[in-house]
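Tertiary structure, described
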Amino acid sequence: MVTVRHGSTTAYREVRARCEGVPKMLEKGESFVVYSIIDFIVDNYFPVIHQIEAEADALEEEVFSHRTDKTDVERIYELRHELLLMRRAVQPLQEVCNRIMRFDVPLIDHAMNDYFRDIQDHVIQVVESIDNLRDLLASALEANMLLLSLAQNDVTKKLTGWAAILSIPLAIASVYGMNFKNMPELDTSYGYPITMAVILGLCCLLFYRFRRAGWL
């Protein structure tokens, strides 16, 4: 049985100890060794999945607590890309198990088929978990964009409301700022306080209406 590893040469020490600990199963030869190696590989995907799940949950909480920033959005994209790469690595193992359990593969003891079928079930669980996490991250990203859009709409409403209120004194002041001689209001003794009262009253009325409508 030959394995090719990238990284630590002691990665399969646990597999060796496991095989040597069950001599009855080891009597099945390379079939049990192949099963042990594939099972070890698949089982090591689950801690990675749990770690990504915890980070995805934290990012989702950040989104709905309105504390997200550019770094969080970039991390969501990175996690989705990492999950895609992980899915490409895991998905072929399902076909590997199918090929091993076929009766035209003479090197594998088919009495081990139930064990390989168990590995196949674990592979399916990992793939489903990856798909669910990618959907969760996509939903979190969409929710973040929606919340940003709602926040921008609120800001736009406030700016529009204050612009409408400020347009009243601007319009009245622009009218009385014209240099016409025949403007009777300019000769009125109480013209200034009346004008200021009208401006203040109209501004307060618009403020009340916008406040009641939820714009301010």
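Located above this text is the structure these notes cover.
Residues numbered from 1 in each chain as written. Predicted model: local features only at pLDDT ≥ 70, side-chain atom pairs only at ≥ 80, totals over all residues. Heavy atoms only, no water.

1. Some details on the overall build of the protein
- The secondary structure content of the protein amounts to seven helices and zero strands.
- Ordering the α and β elements of the protein from the N terminus gives α-α-α-α-α-α-α.
- Computed over C-alpha atoms, the radius of gyration of the protein comes to 35 Å, more than 25% over the 17 Å expected from 2.2 N^0.38 for 216 residues, which places it beyond the range of a compact globule.
- Its C-alpha atoms give the protein principal-axis dimensions of roughly 115 × 30 × 25 Å.
- The long-range fraction of contacts in the protein, counting pairs at least 24 apart against all pairs at least 6 apart in sequence, stands at 72%.
- Accessible area for the protein stands at about 14,800 Å²; split by element, carbon and sulfur atoms hold 58% of it. (Helix = DSSP H or I, 4+ residues; strand = E, 2+ residues; numbered from the N terminus. Rg over C-alpha atoms; globule rule 2.2 N^0.38 Å. Contact = heavy atoms within 4.5 Å. Areas by Shrake-Rupley, 256 points an atom, 1.4 Å probe, with all protein chains shown as cover.)

2. So, the nonpolar core
- Of all hydrophobic cores here, the largest spans 37 residues; its most connected members are Val 90, Phe 116, Ile 119 and Val 126.
- Among the elements of the structure, helix 1 (13–21), helix 3 (30–43), helix 4 (45–64), helix 5 (70–101) and helix 6 (113–176) are those that each provide at least two residues to this core.
- Apart from the residues within four sequence positions on either side, Val 90 is in contact with Tyr 45, Val 123, Val 126, Val 127 and Ile 130.
- Among the nonpolar cores identified, the runner-up in size contains seven residues, and Ile 168, Ile 172, Ile 199 and Leu 216 belong to it. (Core = buried A, V, L, I, M, F, W, Y, C linked by side-chain atoms within 4.5 Å. Buried < 20%, exposed > 50% of the residue type's maximum accessible area, 1.4 Å probe, protein only.)

3. Some details on the packing of helix 3 against helix 6
- Relative orientation of the contacting elements helix 3 and helix 6 amounts to 15°, with a least axis distance of 10 Å. Comparing their axes, helix 6 and helix 3 come out roughly parallel. Once helix 3 is placed against helix 6, the crossing between them reads as left-handed. Between helix 3 and helix 6, the residues in contact are Ser 31, Val 34, Tyr 35, Ile 38, Asp 39, Val 42 and Asp 43 and Tyr 115, Phe 116, Ile 119, His 122 and Val 123, respectively.
- Each residue belonging to the contact of helix 3 with helix 6 can be placed in one class, and the counts come to eight nonpolar, two polar and two charged. (Axes fitted to C-alpha atoms, helices over the stretch in contact; angles between N-to-C directions. Parallel < 35°, antiparallel > 145°, perpendicular 65-115°, else oblique. Left-handed = near helix turned anticlockwise from the far one by under 90°. Nonpolar A, V, L, I, M, F, W, Y, C, P; charged D, E, K, R; others polar.)

4. Points about the pattern of salt bridges
- Enumeration over the complete set of coordinates arrives at seven salt bridges.
- The partner of Arg 75 in a salt bridge is Glu 55, and the shortest N-O contact between them spans 2.5 Å. Taken together, the positions of Arg 75 in helix 5 and Glu 55 in helix 4 put the pair 20 residues apart, joining distant regions of the chain.
- The class for Arg 75 is partly exposed, based on a relative accessible area of 22%.
- By relative accessible area, Glu 55 is classed as partly exposed at 26%.
- A salt bridge links Arg 87 to Asp 131; the shortest N-O distance between them is 2.8 Å. You can see Arg 87 sitting in helix 5 and its partner Asp 131 sitting in helix 6, a full 44 residues away along the chain.
- One salt-bridge network, in which partners are shared between bridges, spans Glu 55, Arg 75, Glu 78 and Glu 82. (Salt bridge = Lys/Arg side-chain N within 4 Å of Asp/Glu carboxyl O.)

5. Quick word on the environment of Ile 52
- If you trace the backbone, Ile 52 turns up in helix 4.
- Relative accessible area serves as the criterion here: at 8%, Ile 52 is assigned to the buried category.
- For the pair Ile 52 and Leu 79, spaced 27 residues apart in sequence, the C-alpha separation works out to 7.7 Å.
- Residues within four places of Ile 52 in sequence aside, it is in contact with Leu 79, Leu 83 and Leu 133.

Functional significance is not addressed by these values, which are geometric in nature.
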